[in-house]
Amino acid sequence: MSRQISRRVFLRAAASTAPLFTPKLFSEPSRAHADEVGQKNETPSAIESGWIDAHVHVWTPDLRRYPIDKSRYSVRDMKPPSFTPQQLFAECRPAGVQRVVLIQMSFYNTDNSYMLDMIKEHPGVFSGVGIIDHTAVDLTRQVRSLAAAGVRGFRISRRGQEVNQWTGDSGMAKLWETAGNKNLSICPLINPSDLEVVDQLCTRYPETRVVIDHFGRVGISGEIIPAELNALCRLARHKNVYVKTSAFYALGQKNPPYKDLLPMLNRVVDEFSPQRLMWASDCPYQVQGKHDYESSIALIRDHMDSLSQSERNWMLRDTAEKVFFAKVS
Ligand SMILES: [Zn+2]
């Protein structure tokens, strides 16, 4: 315990000497932009000072314009049937969330067009994490064109390929290498049993930034298993590994206000530091049934007593801003 505390104090001290981060990707949004995003009474800086939700999926019932991948999904899988940016804003803006990282929805497979169109329609508000076919011969060109359209990371998950095949896959190697070269992130959606494979890849590609979804799903079984949490925390030795503290509705007891997750949260704060953690809701799933948006953000904002205000800012905005809203070459 004392080792963790001293490590945390050290990390805090190190962070305080770092230059202040300033957002680069989006310069001061214009008045026209503020109008377009429906914020006539807010100054552009209100967007930048608001919180960032680092993981949300949007989709539209307009299947003619944006067809889903019918080989894997049917309309019945779209629950709720619609979650557009307008529906998202109704949830997130009352909580002070002004920017959001959109995660390409699996229904659309590698057709990122709905997400890209929404990024374009709401300049300065969204960043994106796309899904790409890592076996494509023109992978580098696809990465470049997605990055130009606002994509800052690539989601990898068990999609027709077992996770333990990733270490021997040449397309996956190229994706990790290309992302590292272009300052883009690899975003694994994995189970605790997959953490070891990701650990190996992090060792092989130390310069590639990796953002683990939802604590690596530690706690999805209903309890936080210490060996699984330890496996997640072992990744902290790789300086470019970040963790999304997110999807509270799906972890542990799965009951708002989710305070049973506080020991896990405090542990990852000690191991990674708030500068490598980012809060996210995983909407629309966080706003179904007994779960709601406010309970998700409140766990970090109101219930983590050990955080300083600056550390809270990192978890609720600054880490996601640095990782997902930065300019890339
Ligand atoms: Zn998600």
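Before any of the text, the structure's been laid out above.
How each quantity is defined
- Residues numbered from 1 in each chain as written.
- Predicted model: local features only at pLDDT ≥ 70, side-chain atom pairs only at ≥ 80, totals over all residues.
- Helix = DSSP H or I, 4+ residues; strand = E, 2+ residues; numbered from the N terminus.
- Buried ≥ 20, exposed ≤ 12 C-beta atoms within 10 Å, placed from the backbone.
- Contact = placed C-beta atoms within 7 Å.

Draft legend 1. Region of the structure containing the overall build of the protein. Across its full length, the protein holds 12 helices and 8 strands. Within the protein, the fraction of its 329 residues that count as buried is 42%. Within the protein, contacts between residues at least 6 apart in sequence are counted, and of these 79% link residues at least 24 apart.

Draft legend 2. How the structure looks around helix H5 (residues 113-121). Listing the buried residues of H5 in full gives Tyr114, Met115, Leu116, Met118 and Ile119. Of the surrounding secondary structure, the elements contacted by the buried residues of H5 are helix H4 (85-92), strand E2 (97-103) and strand E3 (126-130).

Draft legend 3. Unusual backbone geometry, seen in detail. With an omega of 10°, the peptide bond between proline 256 and proline 257 qualifies as cis. Across the junction of cysteine 283 and proline 284, the peptide omega takes the value 5°, indicating a cis bond. Structurally, the position occupied by proline 284 is in the loop between strand E8 (277-280) and helix H11 (293-301). Although it is not a glycine, asparagine 109 adopts a positive phi angle of roughly 50°. Of note in the backbone geometry, phenylalanine 215 takes a positive phi value of approximately 55° without being a glycine. Turning to its location among the elements, phenylalanine 215 is positioned in the loop between strand E6 (209-212) and helix H9 (226-234).

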